[in-house]
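Listed below are the residues making up each chain.
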Amino acid sequence: MSVENGIGASVRRKEDQRFITGNGHYLDDINRVGQAYGYFLRSPHAFAKISNIDLTAAKAAPGVVDIFTGADMVADGVGGLICGWGITSKDGSPHNAPPHNSLAVDAVRHVGDQVAFVIADTLQQAKDAAELIEVDYEVLTPVTNISKALAPGAPQIHEEAPGNLCYDWELGDKAAVDAAFANAAHVSKIDLVNNRLSPNPMEPRAALGEYDAGSEELTLHTTSQNPHVARLIMSAFLGIAPENKLRVIAPDVGGGFGSKIFVYAEETTTIWAARKINRPVKWTSDRSEAFLTDAHGRDHVSHAELAMDNDGKILAFRVSTQANMGAYLSTFASAVPTYLYGTLLSGQYKIPSIYVEVQAGFTNTTAVDAYRGAGRPEATYVVERMMDTAARDLSMDPTEFRLKNFIQPDAYPYETPVIMTYDSGDYPLAMNLAKEMIDYDGFAARKAQSEANGKIRGIGTAAYIEACGIAPSAAVGSLGAGVGLWESAEVRFNPTGSVTVFTGSHSHGQGHETTFAQIIADKLGVPIESVEVVHGDTSKVPFGMGTYGSRSLAVGGSAIVKAVDKIVEKSKKIAAHLMEASVEDIEHEHGVFSVAGTDKQMTMGEIAFAAYVPHNYPADLEPGMAENAFYDPLNFTFPAGTHIAEVEIDPATGIVDIVDWAAADDFGNIINPMIVEGQVHGGVAQGIGQALLEGVVYDDDSGQLITGSYMDYCMPRADDLPSFRITTTNTPCPSNPLGVKGCGEAGAIAAPAALMNAIVNALGKDIDMPATPEKVWRAINSN
Amino acid sequence: MQMSGEELINASRAEVWDALNDPEILRQSIPGCQSVDKVSDTEFAATVKVKVGPVSAKFNGNVTLSNIDAPNGYTITGEGKGGAAGFGKGGADISLKEVDNGTLLAYDVNASVGGKMAQIGSRLIDGTAKKLAGEFFAKFNELVSAGPEKPSAEPLMAEDAPASEPSSVPEASATQEKVAPPPAPDAEKAASPDWMRPAILIPLGIVAAIILFYLAGD
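Residues numbered from 1 in each chain as written. Chains lettered and ligands numbered in written order. Predicted model: local features only at pLDDT ≥ 70, side-chain atom pairs only at ≥ 80, totals over all residues. Heavy atoms only, no water.

Caption draft 1: Region of the structure containing the packing of aromatic side chains. Residues and elements named next belong to chain A. By the definition in use, this model includes 17 aromatic pairs over all chains. The interplanar angle of 55 degrees and the centroid separation of 5.0 Å between the aromatic rings of Tyr422 and Phe638 together place this pair among those described as tilted. Of this pair, Tyr422 sits in strand E17 (residues 421–422) while Phe638 sits in the loop between strand E25 (626–631) and strand E26 (640–649), and the two are 216 residues apart along the sequence. Overall, the relative accessible area of 0% leaves Tyr422 in the buried class. Since its relative accessible area comes to 1%, Phe638 is described here as buried. A ring pair is formed by Trp661 and Phe724, whose centres lie 6.3 Å apart and whose planes are at 80 degrees; its orientation type is edge-to-face. One end of the pair, Trp661, is in strand E27 (residues 656–666); the other, Phe724, is in strand E28 (residues 724–729), and 63 residues separate them in sequence. Sitting over the face of the ring of Tyr355, Lys174 holds its NZ or CZ atom 5.8 Å from the ring centroid. Between Arg318 and the ring centre of Phe181, over which it is positioned, the NZ or CZ distance is 3.9 Å. (Phe/Tyr/Trp six-rings, centres within 6.5 Å; stacked < 30°, edge-to-face > 60°. Helix = DSSP H or I, 4+ residues; strand = E, 2+ residues; numbered from the N terminus. Buried < 20%, exposed > 50% of the residue type's maximum accessible area, 1.4 Å probe, protein only. Lys NZ or Arg CZ within 6 Å of the ring centre and 35° of its normal.)

In structure tokens form, the structure reads like this:
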């Protein structure tokens, strides 16, 4: 028996009606009577000492309510922004996390660093007043490139981080790897740059801070992926207000891609200032500010080497990476190039030994943190570019080389040399499906045809793996995480049978209101129209960890299932009482409770009503029908699959035309195939953006951001993308009750490696991202 | 941003010299120039008001002269602040040479921009700087060839540039108090750098106009 709109149904997203009719509630839609407007004066310099800030003229400007500087926040006892994951260096020392004040104190360290917060009756008045602030800068020589920043003699950005080093981390058995390399028949090498990206969610960050002087409560509406984490950090580390006096609401949020996980200076300053002036304050980032201050992604420089025997079997893998942290350590920045990266370097392959070392350092650039995939795209890019290089060196077909080295479907649980335990999968199945979809065997003929037409054709594969469902709290705790990564849920029946689901996950485009409702519909037989999913308000939902790392369904969904299980358990007792049977004889399916071997049955709605109107009710049972649950995952989940890209390059222009794309992804069980397909499309689009178009560039000498608008930062558009051939393989995840693995990041993880391998295959030489027409043309026309 | 070039000025070297000494000619040649104030023999403060498209803003700048080798050449370094627009800083080597049909003015500009202008307009600065330089020299040439007594009243691209206002509006008082970098030793040796005083506005005006050009496109 299946349920309408239940698990596995491609239900249209409930939330889209309000989004596409303009009835959503984004930050810009929320305003208060008497609201003032905040504007940040930002540093135009990449690196400078501040010798003086003169606010005299600005404070006298029309409409100005007040102007705050870093000194004001320090004087008020406001703490600095924190990094929530401690990384330990090779030598046992903790990572260097220099002070990070919301408003600059004494120095600015990247273009866009906050210098002062101007609050006025109107935004224009605030901007005009900011023009009158006189800041005396002593300009210093900046460094923006991570390799240069870590080299001797580089400008010193923080006193607390000598040599600009944040940490020098390692994972794996170096001695075993070195020994394997010493005896290897073949060694392949590659040098890679993983280009820095700007996240570009459609809705820029924004904040509305309010203070109620009567109750002494602060309310912050903000564009957050994890409002409880924001509240926790603002309360415990910045001292904005105790948690019980601080309410954080993340309403409809227009995309995040990771960039809205973090606790930023602007939101923090806005809520603090609201109390200082006892008046609501609104701050909204414009797109220019977003480029300057939303945490960037990637920015790795890596060298990798692969050791193989005579048969092309992999013996060992070693990787050395430099990771750019930007000017300050963002909320989870330290974890991205370490435990979200190094732990995935085994890819889908049986590799006896692996060693990775990562030097993370500071530069005069915007902070770098998690961006769709977070560490796992970087790992996949290194592993999969490496595999193609090795196959080329061995004159083997890249897919044959991979198939030869894959972890086999009977090998689970499989423990990698980099501390992950893969729980399930079928890598050869996905690869063979992808090859079939794109007619891999017919490539040679298509290449010949392209050649006849004066074009260069290439095909490239990426067999990615990611660790999602973040994360088992004990595991991440032992690796330095400052928080647990469980999730919460409450399933609350209303007396008349409708259901409200409260989740600690946060939806900012993922479709939770639909997917989670489908779980309830399936499990409890409630029509999805009667299921309301509430998220994003610390005063409404139980403490939750939020949405990132493709965790919402695997962790948040599992918490809902746990709560549903409690509902069912209680309902059985009520049903047994009402139908005069023993609890053991009550059977439950999709919200129908029946007495085994009889035709007696009751629906969930009837039972919920009885629980709220308990006139005839078990004596030892509490009335009401609401259960909450906290779910801490037992393991990561391991979505994996193969993407194959086929390109045709015009040698006259260097333009890369993506002519075909096949993706076979193993996401475990799937609740809503249409949403999953949308996630794959979006992820691949972002991955293609990274590979072909996007790249944050700083001027080497001045440290100025020169890709600060859509004139210079190129986002993928519909006509840059092919039609995708998409399928899924579904080996259920054994560690969570839904058997789901997560799908939100897969496309962005797989796509850059697949596409770059295709381009390298076409060109016959290595090239770094983004493969712009100019770069490709130069590669074609160089020796 | 780097830009170099040569302009043939349709006048004798002495006339070009005089023109470079004539603040009124330079003020008219440079879009929106309002004032120039001497801080010391080698340091100046200037105000340039520029309107490009819908954007109008005022630029305050400090300029220092060095490597003075009158009358053959000198180096100008300067910095202009445009508030929210960001800043521009840089320098130019300028030299004058007598040729058959006039005077050859050679320039070699090295400028950088920061803040919003760098963020929004970096890609197009080179092209725009060349265009603006071309416009400046066309006007300068016209004025010098015409003689100092009949300067044009039409500003080049600053629609509301105060072409008919007095040439020395003392507007940049705050800017004047700014500490300019110490002059280079060469500059100190030059006893009378008067001749190039107004010329400092050439790169400054170009930078200011570029900034506003891109703000207008924001």
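Still to come is the rest of the account.
Caption draft 2: Spatial organisation of unusual backbone geometry. Residue and element names in this part refer to chain A. A cis amide bond, omega -5 degrees, links Ile470 with the succeeding residue Ala471. Counting through the fold element by element, Ala471 comes out in the loop between strand E18 (456–465) and helix H14 (473–478). At the junction of Met769 and Pro770, the peptide bond is cis and its omega measures out at -10 degrees in the coordinates. For Pro770, the position within the fold is in the loop between helix H19 (746–763) and helix H20 (773–780).

Caption draft 3: Region of the structure containing the sheet that holds strand E21 (residues 531–535) of chain A. All names here are of chain A. What the four strands build is an open sheet, ordered E21-E20-E19-E25; its pairing is mixed. A single partner strand is all that each edge strand has here, and the edge strands are E21 and E25. Averaged over all pairs of adjacent strands, the angle between their axes in this sheet comes to 15 degrees, without regard to strand direction. Examined bridge by bridge, strand E19 (residues 487–493) and strand E20 (residues 499–503) share five bridges and lie antiparallel to one another. Residue pairing in the sheet places Ala489 in a bridge with Thr503 of E20. Along the sheet, helix H16 (residues 552–578) contacts E19, E20 and E25; its crossing angle with E25, the most-contacted strand, is approximately 140 degrees. (Pairing = 2+ DSSP bridges. Axes fitted to C-alpha atoms, helices over the stretch in contact; angles between N-to-C directions. Contact = heavy atoms within 4.5 Å.)

Caption draft 4: Examining the sheet that holds strand E6 (residues 134–139) of chain A more closely. Residue and element names in this part refer to chain A. Spatially, three strands are ordered E4-E2-E6 in an open sheet, and the strand pairing comes out antiparallel. For this open sheet the edge positions go to strand E4 (107–108) and E6, each flanked by a neighbour on one side alone. Taken together, the two bridges between strand E2 (residues 48–54) and E4 define a ladder with antiparallel strand orientation. By the bridge assignment for E4, Lys49 is matched with Ala107.

Caption draft 5: Spotlight on the pairing of strand E10 (residues 217–222) of chain A. All names here are of chain A. With five of six residues buried, E10 is to be regarded as a mostly interior element. Where strand E9 (residues 206–212) meets E10, six bridges bridge the pair, whose relative direction is antiparallel. What sits directly across from Gly209, in E10, is Leu220. As consecutive antiparallel partners, E9 and E10 are separated by four residues, and within that stretch Glu216 has a phi angle of approximately 60 degrees, a positive value. Where E10 meets strand E11 (residues 246–249), four bridges bridge the pair, whose relative direction is parallel. Bridge pairing in E11 places Thr219 opposite Arg247. In this fold, the crossover linking E10 to E11 by way of helix H7 (residues 227–236) has right-handed handedness. (Right-handed = clockwise from strand over helix to strand, strands pointing away.)

Caption draft 6: Representation of the packing of helix H10 (residues 376–393) of chain A against helix H11 (residues 398–405) of chain A. Residue and element names in this part refer to chain A. In the contact formed by H10 and H11, the axes pass within 8 Å of each other and the chain directions differ by 110 degrees. In this view, H10 runs roughly perpendicular relative to H11, as classed from their interaxial angle. The handedness of the crossing between H10 and H11 comes out as right-handed. Facing Glu384, Met387, Asp388, Ala390 and Ala391 of H10, the residues of H11 in contact are Pro398, Phe401 and Arg402. Split into classes, the residues belonging to the contact of H10 with H11 amount to five nonpolar, no polar and three charged. (Parallel < 35°, antiparallel > 145°, perpendicular 65-115°, else oblique. Left-handed = near helix turned anticlockwise from the far one by under 90°. Nonpolar A, V, L, I, M, F, W, Y, C, P; charged D, E, K, R; others polar.)

Caption draft 7: Fine view of the interface of chain A and chain B. Tallying the contact residues gives 19 residues for chain A and 17 residues for chain B. With both sides pooled, the region where chain A packs onto chain B buries about 1,300 Å², and carbon together with sulfur makes up 47% of that total. The interface formed by chain A and chain B includes zero salt bridges. Breaking the side of chain A that touches chain B down by element, the ones donating at least two residues are E6 and helix H9 (287–293) of chain A. For the side of chain A that touches chain B, the element with the most residues is E6 of chain A, which contributes four residues. (Buried area = accessible area lost by both parts, 1.4 Å probe. Salt bridge = Lys/Arg side-chain N within 4 Å of Asp/Glu carboxyl O.)

Caption draft 8: Summary view of the domain arrangement of chain A. Residue and element names in this part refer to chain A. Looking at chain A, the domain boundaries give domain 1 (34–140 + 200–293), domain 2 (300–471 + 635–780) and domain 3 (486–631). Of note, the centres of domain 1 and domain 2, computed from C-alpha atoms alone, are 35 Å apart. Each side of the interface is counted separately: domain 1 has 34 residues, and domain 2 has 33 residues. Between domain 1 and domain 2, roughly 2,700 Å² of surface is buried when both sides are summed, and carbon and sulfur atoms account for 64% of that area. The three residues of domain 1 that bury the most area against domain 2 are Phe257, Phe262 and Phe291, which together make up 23% of that side's buried surface. Counting across the interface, domain 1 meets domain 2 through one salt bridge. The partner of Lys90 in a salt bridge is Glu357, with the nearest N and O atoms 2.5 Å apart. For the interface between domain 1 and domain 2, the tally reads 11 residue pairs in polar contact (both at pLDDT 80 or more). Counting residues per element, the side of domain 1 that touches domain 2 draws most heavily on H9, at five residues. (Domains from an automatic or database assignment. Polar contact = N/O pair within 3.5 Å; in protein donor to acceptor, adjacent residues only side chain to side chain.)

Caption draft 9: Representation of the environment of Ala45 of chain B in the model. Inspection of the secondary structure assignment puts Ala45 of chain B in strand E3 (residues 43–52). The sequence separation of Ala45 of chain B and Asn60 of chain B amounts to 15 residues, and the corresponding C-alpha distance is 7.3 Å.

Caption draft 10: Broad picture of the nonpolar core. All names here are of chain A. Core analysis: the largest hydrophobic core is formed by 146 residues, its most contacted members being Phe317, Leu345, Trp661, Leu755 and Ile759. Looking at this core element by element, the count peaks at 13 residues for H19. Viewed by domain, this core spans two of them, domain 1 (34–140 + 200–293) and domain 2 (300–471 + 635–780), each represented by three or more residues. Residues within four places of Ile759 in sequence aside, it is in contact with Val647, Ile649, Val656, Leu692, Ile767 and Ala771. (Core = buried A, V, L, I, M, F, W, Y, C linked by side-chain atoms within 4.5 Å.)

Caption draft 11: Inspection of the pairing of strand E1 (residues 36–42) of chain A at higher detail. Residue and element names in this part refer to chain A. Burial runs high along E1: six of the seven residues are buried. Note: E1 against strand E12 (residues 281–284), two bridges, orientation parallel. The residue of E12 that forms the bridge with Tyr37 is Lys282. As paired elements, E1 and strand E5 (residues 114–120) share six bridges and run antiparallel to each other. Bridged to Phe40 within E5 is Phe117.

Caption draft 12: Structural context of the environment of Ser505 of chain A. All names here are of chain A. With respect to the helices and strands, the residue Ser505 is situated in the loop between E20 and helix H15 (512–524). You can call Ser505 buried: its relative accessible area is 1%. Ignoring any residue separated from it by four or fewer positions in sequence, one finds Ser505 in contact with Glu487, His512, Phe516, His535, Gly536, Gly546, Thr547, Ser552 and Gly556.

Caption draft 13: Quick look at the side chain of Thr515 of chain A. Mapped onto the fold, Thr515 of chain A is located in helix H15. Leave out the neighbours within four places in its chain, and Thr515 of chain A touches Leu553, Ile671, Asn672 and Ile675 of chain A.

Caption draft 14: Highlighting the pattern of salt bridges. All names here are of chain A. Under the counting rule described, the total for this entry stands at 39 salt bridges over all chains. Among the ionic pairs, Lys741 bridges to Asp666, the shortest N-O distance being 3.3 Å. Residue Lys741 is found in the loop between E28 and H19, and its partner Asp666 is found in strand E27; the two are separated by 75 residues along the sequence. For the pair formed by Lys741 and Asp666, the shared burial category is buried. Bridged by salt links that share partners, the residues Arg42, Arg205, Glu266, Glu267, Glu289 and Asp294 form one connected network.

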